[in-house]
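Tertiary structure, described
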Amino acid sequence: FHLVAFVEEERGIAAVIDKAKREGLSDPIEEPSLEVATLSGGHSLDIAMLVYSSREYAVSVGLDRKICLWDLNNDNQCYTISDPERDVGIRFPVLAIAIDEDSDWLAILASDAVTFWNIATNVQGPIVAIETFNQKPTAFFLEPSPSSDIPRPVIVWRNGTVVDLEPTSGESSE
C-alpha cells in the first residue's frame, strides 16, 4: 500500500492509506481509495516525533518516553525500541530521528549520542557520542557510508554547521 499521511489522534496514530495502490486497483473511481487505519497499542501519551520509510515502516517518539517501530506491512505491529521500563541507553529528550533510504537502519539523535537500530533484526547497533548542547538540529538524515553497511548520519545545525559522523569509528567531520 501507499501511505498518504499520518494524523495524530488522542494517544495514538491514524495512518491514511491509499487503498487503490495497496490492492492494485486499476480504476480508483470504482470505490473510495483512502482508508484510515488506527495504530493502537503504542503510546500512552501524545506523539512528539514521527518518521516514515518507503518500505512501510514508521517510528514514533512519544511524550511517554517510548520509541515505537511500526511495521505497517505486518498488521501495524509495534515493536517498542525504548521505554522507561526498558533502558537501552537512549537518553531523552530525543532531538531527531531518521530512517535510511533502504529502510534498514534507524538513527536516533539524543542529547549526547546517535544510537543506531537495525530495523530488520530489531537489534541495537553502534552508539556514537556527539555534543548537541540539547539543541534540535535543522536537519537530520542518513547517507550511505562507503566504509560500512551502516549509513552515516548528517546533522545540520541552525548556524549552518554540517556534521558528518562515521558510525563505525565515531569520527566526525564538519
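Predicted model only: the values in this text are computed from it and were never measured.

The next point concerns the environment of serine 40. Structurally, serine 40 can be placed in the loop between β3 (34-39) and β4 (47-52). For the pair serine 40 and glutamine 77, spaced 37 residues apart in sequence, the C-alpha to C-alpha distance is 8.9 Å.

This next bit is on the pairing of β4. Across five bridges, β4 lies against strand β5 (residues 57-62) in antiparallel orientation. Bridge pairing in β5 places tyrosine 52 opposite alanine 58. Connecting β4 to the antiparallel partner β5 that follows it, the hairpin turn spans four residues, and glutamate 56 within it adopts a positive phi of roughly 70°.

Next up on the list: the sheet that holds strand β11 (residues 123-129). Within a sheet, adjacent strands bond to each other through the backbone by hydrogen bonds, running parallel or antiparallel. Pairing is antiparallel in the open sheet, where four strands are placed in the order β8-β9-β10-β11. At either end of the open sheet lies a strand with only one pairing partner, and these are β8 (94-99) and β11. Averaged over all pairs of adjacent strands, the angle between their axes in this sheet comes to 20°, without regard to strand direction. Of the strand pairs in this sheet, strand β10 (residues 113-118) and β11 are connected by five bridges, and their pairing is antiparallel. Note that in β11 the partner of asparagine 118 across the bridge is valine 123.

Inspection of the secondary structure puts serine 103 in the loop between β8 and β9 (105-110). One polar contact links serine 103 to serine 53, side chain to side chain, over a distance of 3.0 Å. For serine 103, the side chain forms a polar contact with the main-chain nitrogen of arginine 55, separated by 3.5 Å. Setting aside its immediate chain neighbours within four residues, serine 103 contacts Ser53, Ser54, Arg55, Tyr57 and Ile119.

Procedures and definitions
- Residues numbered from 1 in each chain as written.
- Predicted model: local features only at pLDDT ≥ 70, side-chain atom pairs only at ≥ 80, totals over all residues.
- Heavy atoms only, no water.
- Helix = DSSP H or I, 4+ residues; strand = E, 2+ residues; numbered from the N terminus.
- Pairing = 2+ DSSP bridges.
- Axes fitted to C-alpha atoms, helices over the stretch in contact; angles between N-to-C directions.
- Polar contact = N/O pair within 3.5 Å; in protein donor to acceptor, adjacent residues only side chain to side chain.
- Contact = heavy atoms within 4.5 Å.

Everything listed here is a matter of geometry and, on its own, says nothing about what the molecule does.
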